[in-house]
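# Architecture and fold: a report
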Amino acid sequence: MDSIITSNAAEVGKLERTGAHSHIRGLGLDDKLEARTNSQGMVGQLRARKAAGVILKVIKQGKISGRAILMAGAPGTGKTAIAMAMSHELGDVPFTSIASSEVFSMEMSKTESLTQAFRRSIGVRIKEETEIIEGEVVEIQIDRSVTGVGPKTGKLTLKTTDMETIYDLGQKMITSLTKEKVMAGDVIQIDKATGRITRLGRSFTRARDFDATGPDVKFVQCPDGELQTRKEVVHTVSLHEIDVINSRQQGFLALFSGDTGEIKPEVRDQINQKISEWCEEGKAEIVPGVLFVDEIHMLDMECFSFLNRALEDKMAPVVIMASNRGMSRIRGTNYQSPHGVPIDFLDRLLIISTQAYNEEEIKQILKIRCDEEEVDMAEDALSILTKVATETSLRYAIHLISTGHLVAQKRQSNKVDVVDIKRVYSLFLDEARSVQYLKDYQDEYLYNEVPSGQNDNSMVIDQPAASA
């Protein structure tokens, strides 16, 4: 019975949720930054991906900061997908993603919210040297009291290929060794400053000690040279994390509670000064990261004015923005501007344009999504779904994959067929059919304010009443 429970628990632990962009692995570029047609989950958008690759190379070099990029294109053309691909390519470079509406929904001022987002996107690599003891365990000898009362003592024998040493053990080290289940033949690493023990693996010289070993057993070479060595350890933290630790009484615990609140500018100035001193001494290194702001047209004039100034700071990250608007009104004003962004701020931006997908690219994307969601779909059903995507939208077609799979399972089939796609297409309306349904039955709905004779799908804007 116990084995059954353990097996089920292991399967639940491996369960992964499939997200909208979980199939993205990278930008799909070659060594010359040329975009492949279909690679790493990315399809099409060759020019946009190549432009993103150039920006990515500049970011990795860490030589520039304060640059802003606008990704402009119609809905469903892969703007967020390209941003997610960039985050996968960056590695340990900080990447922060926010939506513009978050700036207005937080319990703090708009400028403070943007400042925290900026500082979350700037990393600091702090270097420190620590003394470690690394070797293969030859013998562990633990002496216990006859009465069972009193502290334990013991001896630990470690060796490398060049030397062997015996260390006296105290109560704390014995407890750590027992917790890590260290035994003779293991290669361990001990941090002298903290006493933390890390089990690196099992020595190759002990590989034949047992007839069978578990799949999780890792074999490593016995260390050579001195037992005690100095090792440089690099910690990467964001400026925002340092701000929170230094501005709250509970220190780093405030990071887990999420109660950061507004941070005083004086605290940030002192931290900036200290970080600058560490950089001059070679103890730290600034890593300008990436801040991705989706739906940038939702910001107002105050936010754009703040961004204008913030991008001029030497510790500013690279800001990537996305907008699906054309000529639209700037929030909080009566002025229209391209993408809903003020002209003076637009002048600062490098603009990457995304184009609509063609039919073959849509088919490739749907095939990738089927593989990601582990859905086996017939070729005819995939062709029908591609046609649905071209006539409606790609997002609507992607939603039909999982629902079609459920319908196929209901008729006890493991493969999604044309009949399943037709079934879910009739069950779930797309935007155009939903609008048409509302027009046909608008009189039966409450608070209907659509003027009679309005036949297009455009949104109705209330006009101000003329003064008498």
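Residues numbered from 1 in each chain as written. Predicted model: local features only at pLDDT ≥ 70, side-chain atom pairs only at ≥ 80, totals over all residues. Heavy atoms only, no water.

### With respect to the overall build of the chain
- Scanning the chain from terminus to terminus reveals 16 helices and 19 strands.
- Relative to its 468 residues, the chain shows a buried fraction of 38%.
- In the chain, once contacts between residues fewer than 6 apart in sequence are set aside, the share between residues at least 24 apart is 65%. (Helix = DSSP H or I, 4+ residues; strand = E, 2+ residues; numbered from the N terminus. Buried < 20%, exposed > 50% of the residue type's maximum accessible area, 1.4 Å probe, protein only. Contact = heavy atoms within 4.5 Å.)

### Things to note about the pairing of strand β7 (residues 164-169)
- Looking at chain direction, strand β6 (residues 153-159) and β7 are connected through six bridges and run antiparallel. What sits directly across from Leu158, in β7, is Thr165.
- Between the antiparallel neighbours β6 and β7 lie four residues. (Pairing = 2+ DSSP bridges.)

### Here's the deal with the environment of Gln355
- You can see Gln355 is positioned in the loop between β17 (349-353) and α12 (359-372).
- Once the C-alpha coordinates of Gln355 and Leu46 are considered, the two residues, 309 residues apart in sequence, prove to be 9.6 Å apart.
- If near-sequence neighbours (up to four positions away) are discounted, Gln355 is found in contact with Gln45 and Thr77.
- Side chain to side chain, Gln355 and Ser353 meet in a polar contact 3.3 Å long. (Polar contact = N/O pair within 3.5 Å; in protein donor to acceptor, adjacent residues only side chain to side chain.)

### Details of the pairing of strand β13 (residues 290-294)
- When you tally the buried positions in β13, you get five out of five residues, the bulk of the element.
- Residue alternation in β13 divides its side chains into two sets, Val290, Phe292 and Asp294 and Leu291 and Val293, and both sets are buried.
- Relative to β13, strand β4 (residues 95-99) is paired through five bridges, and the arrangement is parallel. By the bridge assignment for β13, Ile98 is matched with Val293.

### Points about helix α9 (residues 265-281)
- Between the first and last C-alpha of α9 there are 25 Å, a value that for 17 residues agrees with the 24 Å anticipated at 1.5 Å per step.
- Taken together, the buried positions of α9 are occupied by Val267, Arg268, Ile271, Asn272 and Ile275. The buried residues of α9 occupy one face: seen down the axis, they fall within an arc of 130°. Pointing more than 90 degrees away from the buried face of α9 are the exposed residues Gln270, Gln273, Glu280 and Glu281.
- Looking one or two residues past α9, Gly282 carries a phi angle of roughly 80°, positive in sign. (Expected span 1.5 Å × (residues − 1). Arc of directions from axis to C-beta.)

### Let's talk about unusual backbone geometry
- You will see that Gln45, though not glycine, has its phi angle at about 50°, which is positive.
- Relative to the helices and strands, Gln45 is located in the loop between β2 (42-43) and α2 (46-61).

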